[in-house]
Amino acid sequence: MPSLSGEARYGAPSSSQQRLGAQLADMIPGAVAVHVSLTDPRRPWPHPYTVAIDERGEQLELSRTTTKVAARWVLRTWPEADWTRPHSLDLATGQLAVAAVRGR
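Cut-offs and rules
Residue numbers run consecutively from 1 along every chain, following the written order of its sequence. With pLDDT at 70 or above as the cut-off, local features in this predicted model cover only qualifying residues; side-chain atom pairs require 80 or more to be listed or tallied, and sums for whole chains, interfaces and linings still use all residues. Side-chain numbers here rest on the full set of heavy atoms in the structure, without hydrogens or water. A run of H or I in DSSP becomes a helix once it reaches four residues, and a run of E becomes a strand once it reaches two; helices and strands are each numbered from the N terminus. Relative accessibility thresholds used throughout: buried, under 20% of the residue-type maximum; exposed, over 50%; partly exposed, between the two (1.4 Å probe, protein chains only). Areas reported as accessible are Shrake-Rupley estimates using a 1.4 Å probe. Residue values count occlusion only from the protein chains shown. A pair of strands is treated as paired once DSSP finds two or more bridges between them. The contact criterion used throughout is that any non-hydrogen atoms of two residues lie within 4.5 Å. By this rule the span expected of a helix is its residue count minus one, scaled by 1.5 Å. In this description, one arc is meant: the one made by directions from the helix axis to the C-beta atoms. Lines fitted to C-alpha atoms define the axes, with helix axes restricted to the stretch in contact, and inter-axis angles between N-to-C directions lie between 0 and 180 degrees.

Enquirer: Just checking my understanding: could you explain the overall build of the protein chain for this structure?
Expert: Within the protein chain one finds two helices and five strands. Counting the 104 residues in the protein chain, one finds 41% classified as buried. Total accessible area on the protein chain is roughly 6100 Å²; 53% of this is exposed by carbon and sulfur atoms.

Enquirer: Can you help me understand the pairing of strand β2 (residues 49-54) in this one?
Expert: Two faces belong to every sheet, and in a regular strand the side chains alternate between them. Among the six residues of β2, six are classified as buried, and the element is accordingly described as predominantly covered. The side-chain alternation of β2 yields two buried faces, one formed by Y49, V51 and I53 and the other by T50, A52 and D54. Inspection of the sheet shows strand β1 (residues 31-37) paired to β2 by six bridges, in the antiparallel sense. The partner of A33 across the bridge, within β2, is I53. Linking two consecutive strands that pair antiparallel, namely β2 and strand β3 (residues 59-60), is a turn of four residues; a positive phi of about 85° is found at G57 within it.

Enquirer: Help me out: how do you make sense of the environment of Q18 in this one?
Expert: Relative to the helices and strands, Q18 is located in helix α1 (residues 15-27). Q18 sits 76 residues away from G94 along the chain, and the two C-alpha atoms are 4.3 Å apart. The contacts of Q18, once residues within four sequence positions are left out, are P13, T93 and G94.

Enquirer: Whenever I open this one, α1 confuses me. Can you help?
Expert: Three or four residues apart is the spacing at which side chains of an α-helix point the same way, because the helix has 3.6 residues per turn. Taking 1.5 Å of rise per residue, 13 residues should cover 18 Å, and α1 covers 18 Å from first to last C-alpha, within 8% of that figure. All of the buried residues along α1 are Q17, L20, G21 and L24. The arc enclosing the buried residues of α1, seen along the axis, measures out at 100°, which places them on a common side. Contacts from the buried residues of α1 go to β1, α2 (64-77) and β4 (87-90).

Enquirer: Looking at this structure, how should I read the pairing of β1?
Expert: Along β1, six of the seven residues are buried, which leaves the element largely enclosed by surrounding structure. Across four bridges, β1 lies against β4 in antiparallel orientation. When the bridges of β4 are listed, A33 appears paired with D90.

Enquirer: How should I be thinking about the sheet that holds β3 in this particular structure?
Expert: Within a beta sheet, neighbouring strands are joined by backbone hydrogen bonds and run either parallel or antiparallel to one another. The antiparallel open sheet is built from five strands, whose spatial order is β3-β2-β1-β4-β5. With partners counted over all chains shown, the strands left at the sheet margins are β3 and β5 (96-98), one partner each. Sheet topology note: the β4/β5 ladder contains three bridges and is antiparallel. The residue bridging H87 from the neighbouring strand is V98, located in β5. The strands touched by α2 are β1, β2, β4 and β5; relative to β2, the strand with the most contacts, the crossing angle is about 100°.

Rendered as structure tokens:
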């Protein structure tokens, strides 16, 4: 469902979706959100990709393993999402929304 900002948002996060946000926050110190997509800019084919964002809106450096694991966890937690578009996950609330990935 679209929000006031025009982003598509999914229903209220379940407890498991909220726990995933907390687990990712522990796994990626300093991150407040992650952007997840199937468009890794280094690959010509669909590939799970994550960008972590800090409280200033700047991109955090992630290892290749963390990038893949975080993306796979989010993809599996929201299988109903339209993964042809990038999504943003708020780690504090577990809320997933369709959003543009910035600053790759």
